Amino acid sequence: SIYQSIFQNPLVSPDLLGVSSGACAGAAIAIVLGFGSLLITIFSFVIGILSVLICIGLSLLTKRKSNLILIFAGVIVGRFMDSIVGIMKYFADAESQLGDIVNWQLGTLSKVSLDNVSIMVPIIVSCIILALLLRWRVNLLSVGEKEAASLGVNVTFDRTLLIVIATLLTATSVCFCGTIAWVGLIIPHIARWIIGSDNRYSLPLCTLLGSSFLVITDLIARASTDYELPLGVITGLCGAPIFAFILIKKSKG
């Protein structure tokens, strides 16, 4: 919801600036190097954050403070990180490593332990609280850069702060759970469809709907077959029809 409002694009998802691709690349590198779960998580988090920093650095080098430049930088970095994942798959051991990389790309909660939760909760809760406290700034940025600046908003500072918060949320989730597609794309649309586009109300609803949707899809993944399906498969099967339905309803409206 933060990314979609800041970049004024309903098709923007949390991996826009390459954080998910970078996290996957970090995990894939650590898996191929034979590291344990702790180092895999650290590599994933660090390279996910590094990807976003590279995006911001590229946009600064252009000397144009524009959302469009950030989007282009995100596409460049994301595709580069995807290529690294492809290289790691090529060199990965087919019996012991390749499956782990694929599972990481598709996302799963099966490997999340209480120790992981004790690390995740302080970061995620802190970022959610900050995002909720600053949700009125998201409203101001959603009207456009020039309009927000005319209202006295420090567009660069506020946009960077909110991107950092959203990036930390995404990177923390991905480094422990892998990439779980569609959640960050469809949930904001559902929230706005239910309660409207005002981020003061839609952002808290996104938090509740996103967590509920993830729990439900995880239950489906665990109960549907003898083997636990990756969450990305379930969220994709559920998310695509839901997004198509929302698209049709909006076009009719």
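Refer to the structure presented above.
Structure report, in brief. Keep in mind the model is a prediction, meaning the values are calculated, not measured.

**Notes on the overall build of the protein**
Scanning the protein from terminus to terminus reveals 12 helices and zero strands. Taken from the N to the C terminus, the helices and strands of the protein come in the order α-α-α-α-α-α-α-α-α-α-α-α. For 253 residues, the compact-globule estimate of 2.2 N^0.38 gives 18 Å, and the C-alpha radius of gyration of the protein, at 18 Å, lies within 12% of that figure. Dimensions of the protein, computed from the C-alpha atoms along their principal axes, are close to 60 × 40 × 35 Å. A burial count over the protein gives 44% of its 253 residues as buried. Partitioning the intrachain contacts of the protein with sequence separation of at least 6 by distance along the chain shows that 71% fall at a separation of at least 24. With an accessible surface of roughly 13100 Å², the protein has 70% of that area assigned to carbon and sulfur atoms. For the protein, the centre of its 16 positive side-chain charges and the centre of its 13 negative side-chain charges are spaced 15 Å apart.

**Description of the pattern of salt bridges**
Within this structure, the stated rule accounts for four salt bridges. Close ionic contact of aspartate 218 with arginine 222 constitutes a salt bridge, the shortest N to O distance being 2.8 Å. Here aspartate 218 pairs with arginine 222, and both are found in helix α11 (residues 199-223), just four residues apart, close to one helical turn. Overall, the relative accessible area of 10% leaves aspartate 218 in the buried class.

**Quick word on the nonpolar core**
Residues Tyr3, Phe7, Leu17 and Ile163 are the most contacted members of the largest nonpolar core, which totals 65 residues. The dominant element in this core, judged by the number of residues it contributes, is helix α9 (residues 155-177), at 10 residues. Residues contacting isoleucine 163, with those up to four places away along its chain left out, are Tyr3, Ile6, Phe7, Leu17, Val52 and Leu70.

**A look at the packing of helix α4 (residues 67-91) against helix α5 (residues 98-106)**
Where α4 contacts α5, the two axes come as close as 9 Å, and the packing angle between them is 155°. Comparing their axes, α5 and α4 come out roughly antiparallel. Helix-helix and strand crossings are classified by hand; for α4 and α5 the assignment is left-handed. Contacts between α4 and α5 pair Val85, Met88 and Lys89 from the former with Leu98, Ile101, Val102 and Gln105 from the latter.

**Points about the packing of aromatic side chains**
Enumeration over the complete set of coordinates arrives at three aromatic pairs. Relative to phenylalanine 43, the ring of phenylalanine 35 lies with its centre 5.4 Å away and its plane at 55°, an arrangement referred to as tilted. Phenylalanine 35 gets classed as partly exposed once you look at its relative accessible area, which sits at 31%. Ring plane angle 90° and centroid distance 5.3 Å describe the contact between tyrosine 90 and phenylalanine 91, whose orientation is recorded as edge-to-face.

**Let's talk about the environment of isoleucine 101**
Of note, isoleucine 101 is situated in helix α5. You can call isoleucine 101 buried: its relative accessible area is 2%. Spatially, the C-alpha atom of isoleucine 101 lies 9.2 Å from that of isoleucine 29, the residues being 72 residues apart in sequence. Apart from residues no more than four positions distant in its own chain, isoleucine 101 is found in contact with Ala28, Ile31, Val32, Val85, Met88, Lys89 and Ala92.

**Quick word on α9**
The first and last C-alpha atoms of α9 sit 32 Å apart over 23 residues, in line with the 33 Å expected at 1.5 Å per residue. The first or second residue beyond α9 is glycine 178, which carries a positive phi of 80°.

**What to know about unusual backbone geometry**
Positive phi outside glycine occurs at tryptophan 182, with the angle close to 80°. As for its position among the elements, tryptophan 182 is in the loop between α9 and α10 (183-195). Using a relative accessible area of 29% as the deciding quantity, one classes tryptophan 182 as partly exposed.

**Regarding a nonpolar patch on the surface**
A contiguous nonpolar patch, built from Leu33, Phe35, Leu38, Leu39, Ile42 and Val46 and spanning about 530 Å² of accessible area, is present on the exposed surface. Here valine 46 shows up in helix α3 (residues 37-61). The exposure class of valine 46 is partly exposed, given its relative accessible area of 46%.

Reading guide: rules and limits
Residues numbered from 1 in each chain as written. Predicted model: local features only at pLDDT ≥ 70, side-chain atom pairs only at ≥ 80, totals over all residues. Heavy atoms only, no water. Helix = DSSP H or I, 4+ residues; strand = E, 2+ residues; numbered from the N terminus. Rg over C-alpha atoms; globule rule 2.2 N^0.38 Å. Buried < 20%, exposed > 50% of the residue type's maximum accessible area, 1.4 Å probe, protein only. Contact = heavy atoms within 4.5 Å. Areas by Shrake-Rupley, 256 points an atom, 1.4 Å probe, with all protein chains shown as cover. Lys, Arg positive; Asp, Glu negative; His and termini not counted. Charge placed at Lys NZ, Arg CZ, Asp CG, Glu CD. Salt bridge = Lys/Arg side-chain N within 4 Å of Asp/Glu carboxyl O. Core = buried A, V, L, I, M, F, W, Y, C linked by side-chain atoms within 4.5 Å. Axes fitted to C-alpha atoms, helices over the stretch in contact; angles between N-to-C directions. Parallel < 35°, antiparallel > 145°, perpendicular 65-115°, else oblique. Left-handed = near helix turned anticlockwise from the far one by under 90°. Phe/Tyr/Trp six-rings, centres within 6.5 Å; stacked < 30°, edge-to-face > 60°. Expected span 1.5 Å × (residues − 1). Patch = residues over 30% accessible without salt bridge, like charges linked within 9 Å, V, L, I, M, F, W, Y side chains within 5 Å.

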